[in-house]
There are 2 protein chains.
Amino acid sequence: MKRLGKIIRGHRKKAGLTQKELADLSGVGKTVIFDIEKGKETVQLNSLMNVLKTLNIKLKVESRLMDGEEVINEES
Amino acid sequence: MKRLGKIIRGHRKKAGLTQKELADLSGVGKTVIFDIEKGKETVQLNSLMNVLKTLNIKLKVESRLMDGEEVINEES
DNA sequence: AAAATATTACCGTTATAACAGCAAAATGAA
DNA sequence: TTCATTTTGCTGTTATAACGGTAATATTTT
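Everything numeric in this text was worked out from a predicted model, so none of it was measured. (Residues numbered from 1 in each chain as written. Chains lettered and ligands numbered in written order. Predicted model: local features only at pLDDT ≥ 70, side-chain atom pairs only at ≥ 80, totals over all residues. Heavy atoms only, no water.)

> Can you walk me through the relation of the copies chain A and chain B in this structure?
Each of the two copies of the chain can be brought onto the other by a rotation about an axis and a shift along it. Least-squares fitting of chain A to chain B yields an RMSD of 0.0 Å, with the superposition described by an axial translation of 0.0 Å and a rotation of 180 degrees. The operation mapping one copy onto its partner corresponds to a two-fold rotation axis. The fraction of interface residues of chain A whose copies in chain B are also interface residues reaches 100%, indicating that both copies meet through the same surface. (Least-squares fit on C-alpha atoms with pLDDT ≥ 70 in both. Contact = heavy atoms within 4.5 Å.)

Shown next, in the form of structure tokens:
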């Protein structure tokens, strides 16, 4: 799970955003961005989804029971 | 996000587990399973990860900035 | 059908994440 | 280096998810 934090941080940097800016854009507090990037798992799924959406990152699930994979953070 | 709930429910059924059993195996309360399957987004990432792990479901992220995709709920 | 099991729903209580504010490091620019 | 910005860390307060218990439906089994 530190992986996700690094990915998010990388995307934020590339977008030229500060933690505070990303927080505001995502509708969460700055602490949440800080925590996520630090690898904290005790954040709300809600908050994470908003951040991922802001950064245009897709979230998918995959298992042997499924054929292929499925995006879970898109409309509809 | 209702999608994730359905996927989890499907996997649980296929595994022959009740909500309570899945909850116990995942170390969360029964309410959490119920909420996740109902599509509630205000659950902790922590809880969701435990459930996904129990059901052997991989969680991945993908974006244009990355090459390919990356599994985020595995060891190391 | 009835009986048993499972799911959904609601309710206090408790635990804890979210938050803003501030200060201290760290980083980067001039 | 100095100055400005950003990040990290901490600290109360507030908001709310997690939890177990219980009850009402719904589903499955016999």
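> What should I look at first to understand helix 4 (residues 45-54) of chain B in this one?
It helps to recall that an α-helix has 3.6 residues per turn; residues three or four apart then point in one direction. The set of residues buried in helix 4 of chain B consists of Leu45, Ser47, Leu48, Met49, Val51 and Leu52 of chain B. Check the buried side of helix 4 of chain B and you find it contacts helix 4 (45-54) of chain A together with helix 1 (2-14), helix 2 (19-26), helix 3 (30-38) and strand 1 (58-62) of chain B. Just past helix 4 of chain B, the residue Asn56 of chain B takes up positive phi, approximately 60 degrees. (Buried < 20%, exposed > 50% of the residue type's maximum accessible area, 1.4 Å probe, protein only. Helix = DSSP H or I, 4+ residues; strand = E, 2+ residues; numbered from the N terminus.)

> How do you make sense of the sheet that holds strand 2 (residues 69-71) of chain A when you look at a structure like this?
Strand pairing within a sheet occurs via backbone hydrogen bonds; the two strands may be parallel or antiparallel. Pairing within the open sheet is antiparallel, and its four strands lie in the order 2(A)-1(A)-1(B)-2(B). The two strands at the open ends of the sheet, each matched to only one other strand, are strand 2 of chain A together with strand 2 (69-71) of chain B. For this sheet, the mean angle separating the axes of adjacent strands, direction not counted, is 30 degrees. The pairing of strand 1 (residues 58-62) of chain A with strand 2 of chain A spans three bridges and is antiparallel. Counterpart to Val61 of chain A in the pairing with strand 2 of chain A is Glu70 of chain A. (Pairing = 2+ DSSP bridges. Axes fitted to C-alpha atoms, helices over the stretch in contact; angles between N-to-C directions.)

> It is not clear to me how the protein's contact with DNA strand C should be interpreted in this structure. Could you clarify?
Surveying the vicinity of DNA strand C reveals 18 residues, the closest of which are Gly29 and Val32 of chain A together with Arg9, Arg12 and Gln19 of chain B. Within 4 Å of the protein, the atoms of DNA strand C are drawn from sugar and phosphate moieties in a proportion of 81%. One nitrogen or oxygen atom from the main chain of Gly29 of chain A is found 2.6 Å from a phosphate oxygen belonging to DNA strand C. The separation between a phosphate oxygen of DNA strand C and a polar main-chain atom of Gln44 of chain A is 3.0 Å. For the surface near DNA strand C, the secondary-structure elements that each account for two or more residues are helix 3 (30-38) of chain A together with helix 1 and helix 3 of chain B. Taken together, the residues of the surface near DNA strand C sort by class into four nonpolar, eight polar and six charged. (Near = heavy atom within 4 Å. Polar contact = N/O pair within 3.5 Å; in protein donor to acceptor, adjacent residues only side chain to side chain. Nonpolar A, V, L, I, M, F, W, Y, C, P; charged D, E, K, R; others polar.)

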